[in-house]
Amino acid sequence: MMRPRWHKALADLWSNKMRSLLVIVSIAIGLFAVGLISTTHAWLGLAMRDGYAAQNPANIIITAAGFPADFVDRIRNLPDVQEAEGVALVSLRVQTGQDTSTPIDIQAFPEMDEKQINQLTLLEGKYPPADREIVLDINKLEDTAARLGDTITVQLPSGRLREMKVVGIVRDMTIGAGGMGGGYFIASPQGYITFETLAWLEQPELLNQLHATVRSGDADLEHIQSVAGTLMDEFERNSLITISRAAMTSTAHPNNPYLESMLGLLVMLGFLVVFLSAFIITNTLSALLNQQIQQVGVMKTIGASRFQIRSIYMVLILVYSLAALGLALAFSDRAAYALLTFLSTRINFNLPAVQPVPRSILLQALIALIVPQVAGSLPILQGTRITIQQALSGTGSGNADRPSVVYRWLAKIRGLSRPMLISLRNTFRRRLRLVLTLVTLILGGAIFIGVFNVRTTIDHYMDRLGKYFIADVNLTLSEPHSIREMTAILKQVPGVVSVEGWAGARAELVEPDGSVGEAVILQAVPTDSTLIEPILTAGRWILPGDENAIVLNEMFNESLPGIAIGDTVRLRVNGEETEWVVVGFFQFAGKSGGLLAYTGFDHLSRLTSMTGRSMFYRIVTAEGMHTLEQQEELGAVLEAHLKRQGIEVSEITAGLSLNETTARGLDTLTTFLLFMALLMAAVGSMGLMGTMSLNVMERTREIGVMRAIGATDRHITRLVLVEGMLIGLISWVLACLASFPIGKMLSDVVSIAIFSMPIDFVFTATGVFIWLGLVTILSILASVLPARSAARLTIREVLAYE
Amino acid sequence: MHLAIMNSRFPPEISNHQPLIRLRQVVKVYRTAAGDFPALKGLDLDVEAGEFLAITGKSGAGKTTLVNMITGTDALTSGVVEVGGVNIHQLDENRRALWRGRHLGVIYQSFHLLPNLTLLDNILLPMDFCGLYRRRASRERAMDLLRQMEMADHAHKLPSQISGGQQQRVAIARALANDPPLIVADEPTGRLDSVTAEVIFRIFQQLVAQGKTLVMVTHDRTIAGRVSRMLTIQDGEVLNQPAA
Ligand SMILES: Nc1ncnc2c1ncn2[C@@H]1O[C@H](COP(=O)(O)OP(=O)(O)OP(=O)(O)O)[C@@H](O)[C@H]1O
Ligand SMILES: [Mg+2]
């Protein structure tokens, strides 16, 4: 048989199920958020680092004009090289509709089934494919409009079409690893075929990319760099032309910047959530224990010592905590897995076989066992410290022996009815409780608004990035044409307002020792261009009269640490070594963007002997033709028009679509942030609901008395409503203020991870108003629902209510 | 020293020579925003073991305040309160609670039963806190007490399911749980009708007959002839104290 005192603890739990549920859920939601965040943190790191390393990714990728198979054997036999493989990399186009097509990068492997490096994960169908079959990567599968079992039509350089059956779908986690062309997000769809299929596709059976892993030190980038240097020497010794090289560690997933920013966010949010949940728990328990003060008095009268009373409530709290912990553990892993699943499709990793994270469970358990006990000890201490007389008369905790300043101040406001005054006084009577409630709400609201603002900040930055792609249509020709002639031809098409001829070249950094380094995309723009508005972070833009002036993006700071304005950089452009003077720095899409540089059109075209001619055109359309569909439509019209003039088009893209691909990576982040904002809203809302409901429940007796002296349900509803909304509004105003530092902090974490520098923090009203709406609705629900149920009790029941 | 006193229950040789309750120069001042209010102004009082003392006086006279000083449920401003030779206001909070549980039964006007516990559990609770009885024995004792109060049939009901008079009888049973020698009741019949009040009063008379000491605040002056002494409080002072 249980001792009566434990009986009492259980009876308290059981007697007010609604209240117990509120307390348990309030604690659980805080634990849940902590669990979700810490578990996601652990799993994400596991999936992106260990999961990536498990694919045995290449540490060194060298792109060359071509090399024979026995050269790969020679590389493999070098002492520092663990494994080396040659790949034939070809770019073709695949038809996606009647007149539409999209580029596709196809890799052909000589020994497909014995592939060691950059292993693919088979998701569906079979691997390896037979000759004349193809396996596609899942990431950009949608762009090809193909599914497993479909036949895709590949356009060959000769204009002939080849049909290939899609026999497998794989995940290639190494997409973007070479750093060429801006990485994962702007990569084309990827296909994998046998070496023997190349000839059928009118491609030379020539290896042009070398993948190698190092024997040891695959986490030591410097070592890998030096091995890469040895390999480059080997190419040179065999008179093989190299185009670019890249070196990376075995855990450096190409999308690591996003991982880093998300992990950073998770740590920050986790920290804030621990605080938030501590406040929710403290608040909920102090509300709960306040209702018990009278009973504490009675128990002391009949001989209970302080220790005995405290142990009763500690057990009570323990039961609540354990129930909440159970709930939180049951759901946090599931939610974390769902989040991981979403992210796996966005930043390209395999879902790992996950296991519960001991650290996360421990953290939740510690918070569940410690915070509520600490939080509860304060009101218990208060409750056991006051004299029995105070406890029994229920005045002990009220610090209400004189009307507060606020009350006296309120009383001076004209037009406030007496009941309204009572209600407002109630709000301010329990100052400590009010402060606790407000802090909880403010923290929850501020995090929500802050996260929302980070999202807007990134959205805003993405719009800003669009200023690098102001043109409505981008046109690439198969060969250069006179800019003056092209402008005239293009302007014949209605809707075309202006045309600029740009130039672009693939370049490579030249290392101090004269070897070829990382790839650089070199863009040349007319000095009077109106189609680009760069975000300059230092120095200036290209000016008329500039010769070999160059403006670099933020990534050069990583490749050439310490580079400054006035320095000279050496680039290999079209195989020739050239020197450039740095005049400015601009900010672009961060670490996923690779090296990007701008120079003046005239200088580059002179260098490449193409003065007055260009392959690349930027076209501006008339007002009211700036949607993606309209841009695409005009693109099709232009292509037909040029065809009639006998000018061959290599590629036409709508301006907005370019922006879209650049934005895709950041978009993943903003979706992730939105999810976090919703989580914060859920946590904050639960805190709000719990606290306010308990506040009203606590006043059940008071409500009974008011009804007994003639207050109608409408009176009472109005009273609690005013109180609830007042608290909600006060917290909202303060949350708006608090969201500034929190939002700025989160924004910096994200932008430093991606851009290596803080981006301008943008404040948006959206989050502020969504939170206002949420707070209002929740305040109403949280105060009216318990008031309603209090009104449903008979007055006798209410007055008997403790 | 205190422990020794608590563990021996009022040795007869002490109560023979000394009053059970001894108040000397008891002052209680309530501190309020409006200023200090002296509710008891240097009050002296002796109550012998076995007495049935009734305290009366106008509303606001200080009766409840006096009772609180005897039970130690409120803090004393100055003076001495000894019960069974123990200066109760010098005990620390925990010892006082334990002392109260073992030596004193308190009965309130508004019953103050714990709402979530059955009547039986309400009576078991003080025994649980003070640990004077073994578990099996305490259960039997609780049922005995309920039977004495004619409430045995309701043992498993909640307080809200019985009438006020019945609740007060359970509260008396709870006050008797640890078999304390002294019972203090503040207007125990104040909320009850006259018939029920009479029933409760008879129970008190029986308890005195069994050797308990009873201190009871009441507004009912008609019981004057049926108690051993009537004490009137006025403005925080004893109005008349005829020789016992
Ligand atoms: N907590 C308190 N704070 C301030 N003054 C108090 C407090 N409690 C009682 N008083 C004052 O002390 C005086 C005595 O109060 P007490 O409760 O002892 O009266 P009482 O004789 O029990 O009256 P009643 O018959 O109405 O119960 C009263 O004037 C009362 O206003
Ligand atoms: Mg009184």
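Small disclaimer: the values here were computed from a predicted structure and weren't measured.

Here we come to the overall build of chain B. Along chain B, the regular secondary structure elements total eight helices and 10 strands. Whereas a compact globule of 244 residues would reach a radius of gyration of roughly 18 Å, chain B reaches 18 Å, a difference of no more than 12%. Out of the 244 residues in chain B, the part that is buried amounts to 54%. Looking at chain B alone, contacts between residues at least 24 apart form 71% of all its contacts between residues at least 6 apart. Approximately 10,600 Å² of chain B is accessible, and the part contributed by carbon and sulfur atoms is 48%. Positive and negative side-chain charges of chain B, numbering 27 and 24 respectively, have mean locations separated by a distance of 4 Å.

Let's shift gears to the overall build of chain A. If you tally the helices and strands in chain A, you get 22 helices and 20 strands. Burial status across chain A gives 55% buried among its 802 residues. Look at the contacts in chain A between residues 6 or more apart in sequence, and 81% of them connect residues 24 or more apart. Counting only carbon and sulfur atoms, one obtains 58% of the accessible surface of chain A, whose full area is about 33,200 Å².

What follows concerns the site of ligand 1. Residue and element names in this part refer to chain B. Taken together, 14 residues sit near ligand 1, with Ser59, Gly60, Lys63, Thr64 and Thr65 positioned nearest. Glycine 60 is positioned with one of its backbone polar atoms (N or O) 2.8 Å from an oxygen atom of ligand 1. Within the side chain of threonine 64, one N or O atom sits 2.6 Å away from an oxygen atom of ligand 1. The set of elements that each furnish at least two residues to the shell around ligand 1 consists of strand E1 (21-32), strand E2 (35-47) and helix H3 (63-71). No other element matches H3, which puts three residues into the shell around ligand 1. Residues that form the shell around ligand 1 fall into these classes: four nonpolar, seven polar and three charged.

The next thing to look at is the interface of chain A and chain B. With 32 residues of chain A in contact, the opposing surface of chain B contributes 29 residues. Carbon and sulfur atoms supply 61% of the area buried between chain A and chain B, which totals about 2,900 Å² over both sides. Taken together, the links from chain A to chain B amount to zero salt bridges. Linking chain A with chain B are three residue pairs in polar contact (both at pLDDT 80 or more). Looking at the side of chain A that touches chain B, the elements that each hand over two or more residues are helix H1 (4-15), helix H7 (293-301), helix H8 (306-347) and helix H10 (388-393) of chain A. Here the side of chain A that touches chain B takes seven residues from H1 of chain A, the largest share from any one element. Of the residues contributing to the side of chain A that touches chain B, the split by class is 11 nonpolar, 11 polar and 10 charged.

What follows is about the pattern of salt bridges. All names here are of chain A. Following the criterion strictly, the structure yields 21 salt bridges over all chains and no others. Across the pair aspartate 546 and arginine 540 runs a salt bridge, and its minimum N-O distance is 2.8 Å. One continuous salt-bridge network, built from bridges that share partners, spans Asp73, Arg76 and Glu83.

A few words now on a nonpolar patch on the surface. All names here are of chain A. A cluster of nonpolar side chains, Leu318, Leu322, Leu362, Leu366, Leu369, Ile370 and Val374, forms an exposed patch at the surface whose accessible area comes to about 610 Å². Elements that contribute at least two residues to the nonpolar patch include exactly H8 and helix H9 (358-385). Per element, the largest residue contribution to the nonpolar patch is five residues, and it comes from H9. Along the chain, leucine 318 falls in helix H8.

Before going further, it helps to examine the packing of helix H2 (residues 17-53) of chain A against H8 of chain A. Residues and elements named next belong to chain A. Two elements in contact, H2 and H8, have axes separated by 6 Å at closest approach and are oriented at 35°. Judged by the sense of rotation from one axis to the other, the crossing of H2 with H8 is right-handed. Of the residues belonging to the contact of H2 with H8, the class tally is 24 nonpolar, five polar and one charged.

So, on to unusual backbone geometry. The residue after tyrosine 127 of chain A, namely proline 128 of chain A, is reached through a cis peptide bond having omega 0°. Within the fold, proline 128 of chain A resides in the loop between strand E4 (121-125) and strand E5 (133-137). The phi dihedral of glutamine 25 of chain B is positive, around 50°, even though this residue is not glycine. With respect to the helices and strands, glutamine 25 of chain B occurs in strand E1. Glutamine 25 of chain B gets classed as partly exposed once you look at its relative accessible area, which sits at 46%.

The next subject is the pairing of strand E6 (residues 104-107) of chain B. Residues and elements named next belong to chain B. Going residue by residue along E6, you find Leu104 and Val106 tucked away on one face and Gly105 and Ile107 tucked away on the opposite face as well. Note: E6 against strand E7 (residues 182-186), four bridges, orientation parallel. The partner of isoleucine 107 across the bridge, within E7, is alanine 185.

Residue and element names in this part refer to chain B. Read across the open sheet, the four strands follow the order E2-E1-E4-E5; overall the sheet is antiparallel. The sheet is open, and its two edges are formed by E2 and strand E5 (86-87), each paired on a single side. Taken together, the five bridges between E1 and strand E4 (residues 78-83) define a ladder with antiparallel strand orientation. Opposite arginine 22, over in E4, you have glutamate 82 as the bridge partner. Lying on the sheet, H3 is in contact with E1, E2 and E4; it crosses E1 at an angle near 120°.

All names here are of chain A. At a closest axis distance of 9 Å, the pairing of helix H6 (residues 256-290) and helix H13 (residues 431-465) adopts a crossing angle of 155°. In terms of axis orientation, H6 runs roughly antiparallel to H13. The handedness of the crossing between H6 and H13 is left-handed. On the side of H6, the interface is formed by Leu269, Leu272, Phe275, Leu276, Phe279, Ile280, Thr282, Asn283, Ser286, Ala287 and Asn290, while H13 contributes Arg433, Leu436, Thr437, Val439, Thr440, Leu443, Gly444, Ile447 and Val451. When the residues that make up the contact of H6 with H13 are grouped by side-chain class, the tally is 12 nonpolar, seven polar and one charged.

All names here are of chain B. Counting all residues, the mean pLDDT for chain B is 86, and 91% of those residues have values of 70 or more. For chain B, helix H1 (residues 2-7) is the element with the lowest average pLDDT, namely 39, and strand E8 (residues 213-217) is the one with the highest, namely 96. In this model, residues 1-15 is a region of pLDDT below 50 whose contacts with residues beyond four sequence positions or in other chains number 21 contacts.

Residues and elements named next belong to chain A. Inspection of the entire model under this criterion finds 12 aromatic pairs over all chains. Among the aromatic residues, those joined into a cluster by ring pairs are Phe67, Phe71 and Phe235. For the cation-ring pair, lysine 115 lies above phenylalanine 109, with the distance from its terminal atom to the ring centre recorded as 3.9 Å. Its guanidinium or amino end placed over the ring of phenylalanine 331, arginine 334 lies 5.9 Å from that ring's centre, counting from NZ or CZ.

Our next topic: helix H14 (residues 483-491) of chain A. Residues and elements named next belong to chain A. Within H14, burial applies to Ile483, Met486, Thr487, Ile489 and Leu490. For H14, the angular spread of buried residues about the axis comes to 165°, placing them on one side. Among the exposed residues of H14, those oriented more than 90 degrees off its buried face are Arg484 and Glu485. In this structure, the buried residues of H14 make contact with strand E11 (473-482), strand E12 (496-510), helix H16 (601-607), strand E19 (613-621) and helix H17 (628-644).

So, on to helix H8 (residues 194-209) of chain B. Count 3.6 residues to each turn of an α-helix, and residues three or four apart come out pointing the same way. Residues and elements named next belong to chain B. Taking 1.5 Å of rise per residue, 16 residues should cover 22 Å, and H8 covers 22 Å from first to last C-alpha, within 8% of that figure. Considered for burial, the residues of H8 that qualify are Thr196, Ala197, Ile200, Phe201, Ile203, Phe204, Leu207 and Val208. The buried side chains of H8 occupy one side of the element, clustering within an arc of 155° when seen end-on. Across H8 from its buried face, at more than 90 degrees, point the exposed residues Ser194, Val195, Gln206 and Ala209. In this structure, the buried side of H8 is in contact with strand E3 (52-57), E6, helix H7 (164-175), E7 and E8. The N-terminus of H8 is capped by aspartate 193, whose side-chain oxygen sits 3.0 Å from the backbone nitrogen of valine 195. At the C-terminal side of H8, glycine 211 shows a positive phi close to 110°.

Scoring rules and cut-offs
Residues numbered from 1 in each chain as written. Chains lettered and ligands numbered in written order. Predicted model: local features only at pLDDT ≥ 70, side-chain atom pairs only at ≥ 80, totals over all residues. Heavy atoms only, no water. Helix = DSSP H or I, 4+ residues; strand = E, 2+ residues; numbered from the N terminus. Rg over C-alpha atoms; globule rule 2.2 N^0.38 Å. Buried < 20%, exposed > 50% of the residue type's maximum accessible area, 1.4 Å probe, protein only. Contact = heavy atoms within 4.5 Å. Areas by Shrake-Rupley, 256 points an atom, 1.4 Å probe, with all protein chains shown as cover. Lys, Arg positive; Asp, Glu negative; His and termini not counted. Charge placed at Lys NZ, Arg CZ, Asp CG, Glu CD. Near = heavy atom within 4 Å. Polar contact = N/O pair within 3.5 Å; in protein donor to acceptor, adjacent residues only side chain to side chain. Nonpolar A, V, L, I, M, F, W, Y, C, P; charged D, E, K, R; others polar. Buried area = accessible area lost by both parts, 1.4 Å probe. Salt bridge = Lys/Arg side-chain N within 4 Å of Asp/Glu carboxyl O. Patch = residues over 30% accessible without salt bridge, like charges linked within 9 Å, V, L, I, M, F, W, Y side chains within 5 Å. Axes fitted to C-alpha atoms, helices over the stretch in contact; angles between N-to-C directions. Left-handed = near helix turned anticlockwise from the far one by under 90°. Pairing = 2+ DSSP bridges. Parallel < 35°, antiparallel > 145°, perpendicular 65-115°, else oblique. pLDDT = per-residue confidence, 0-100. Phe/Tyr/Trp six-rings, centres within 6.5 Å; stacked < 30°, edge-to-face > 60°. Lys NZ or Arg CZ within 6 Å of the ring centre and 35° of its normal. Arc of directions from axis to C-beta. Expected span 1.5 Å × (residues − 1).

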